[in-house]
Amino acid sequence: MGKRVLVVDDEKLIVKGIRFSLEQDDMKVDCAYDGEEALKLARENEYDMILLDIMLPKLDGFEVCRQIREYSDVPVIMLTAKGEDMDKILGLEYGADDYITKPFNILEVKARIKAIMRRVGRKSGGSGDRIIQKGSMKIDCESRRVFIGEKEVNLTAKEFDLLELLAMNPNKVYSRENLLNIVWGYEYPGDARTVDVHIRRLREKIELHPSDPKYVYTKWGVGYYFRG
């Protein structure tokens, strides 16, 4: 069955072009042209991916992403026309998995979508139980759920991918560049701050004291690792 994507942008020609291209790959595409419409569709339907512009009428993309993250870990790619670092970092802070700067090549957009979908699909399509237990943390790799004690922690797709990779390879230090290539699944055109933002957000969710972590550690000048 084809994947279902929600495309959100107030520029109708951009939406039309993305929709046509994705439908050529047998994806089902819904469209929204403002933030309120996007939230309504996201609540009423199950999507495999959301492409979300930042500058939207009624509610901007940051607020839409924030509200979606309250109940869903659907992968979100932010679209920004400005190309400014602050917009990109803010998008990640609000829970986005990736960002693309306008003007973009539609082939790049499709490559990003497919890379994330492949990554998520591999994680959800395995067989047998894969549970990682560390102290009070339990990572269920098949259902992609994380628990601290009895409380479930709501992670984004990229946050979970990072945690799973590190936890499955305890004490192995990964550089930021390695994490970009492995977790994002392609030669990422951004910079290492993307990883730093995701690690910080991950720590805020799983660590009792994020500044003094007991799960995800920093190897200064090298990268990150999970204490085994």
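The structure contained in this document is the topic of the report that follows. Note that residues are indexed from 1 along each chain, following the sequence as it is written. Selection of residues for local features in this predicted model requires a pLDDT of at least 70, selection of side-chain atom pairs for listing and counting requires 80 or more, and totals for whole chains, interfaces and linings are taken over all residues. The basis for every side-chain value is the complete set of non-hydrogen atoms in the structure, without hydrogens or water.

Describing the pattern of salt bridges
Here, a salt bridge means any side-chain nitrogen of Lys or Arg that lies within 4 Å of a carboxyl oxygen of Asp or Glu. Counted according to the given criterion, the structure contains 22 salt bridges. The closest approach of N and O atoms between Lys102 and Asp53, which form a salt bridge, is 3.2 Å. Taken as a pair, Lys102 in the loop between strand S5 (98–101) and helix H5 (106–124) and Asp53 in strand S3 (residues 49–53) lie far apart in primary sequence, 49 residues in all. Between buried and exposed lies partly exposed: a residue is buried under 20% and exposed over 50% of the maximum accessible area for its type, with that area taken using a 1.4 Å probe on protein chains only. Given the relative accessible area of 3%, Asp53 is considered buried. Close ionic contact of Asp98 with Arg112 constitutes a salt bridge, the shortest N to O distance being 3.2 Å. Of this pair, Asp98 sits in strand S5 while Arg112 is found in helix H5, placing the two residues 14 residues apart along the sequence. Residue classification places Arg112 among the buried residues on the basis of a relative accessible area of 4%. One salt-bridge network, in which partners are shared between bridges, spans Asp9, Glu11, Asp53 and Lys102. By definition, any uninterrupted DSSP run of H or I lasting at least four residues is a helix, any uninterrupted run of E lasting at least two residues is a strand, and each is numbered from the N terminus.

Some thoughts on helix H7 (residues 176–184)
Looking only at H7, the buried set comprises Leu179, Leu180, Val183 and Trp184. Down the axis of H7, the sector holding all buried residues measures 105°, keeping them to one side. Throughout, the arc means the angular range of directions from the helix axis out to the C-beta atoms.

Observations regarding the sheet that holds strand S12 (residues 223–226)
Following DSSP output, two strands are said to pair if at least two bridges run between them. With antiparallel pairing, the three strands of this open sheet are ordered in space as S10-S12-S11. Edge strands, defined here as strands with exactly one partner in the open sheet, are strand S10 (174–175) and strand S11 (216–219). With two bridges connecting them, S10 and S12 associate as antiparallel partners. Bridge pairing in S12 links Ser175 to Gly223. Any two residues whose heavy atoms approach within 4.5 Å are treated as being in contact. Simply put, an axis is a line fit to the C-alpha atoms, just over the touching stretch for a helix, and the angle between two N-to-C directions goes from 0 to 180 degrees. On the sheet, helix H8 (residues 193–206) packs against S11 and S12 and is oriented at approximately 145° with respect to S11.

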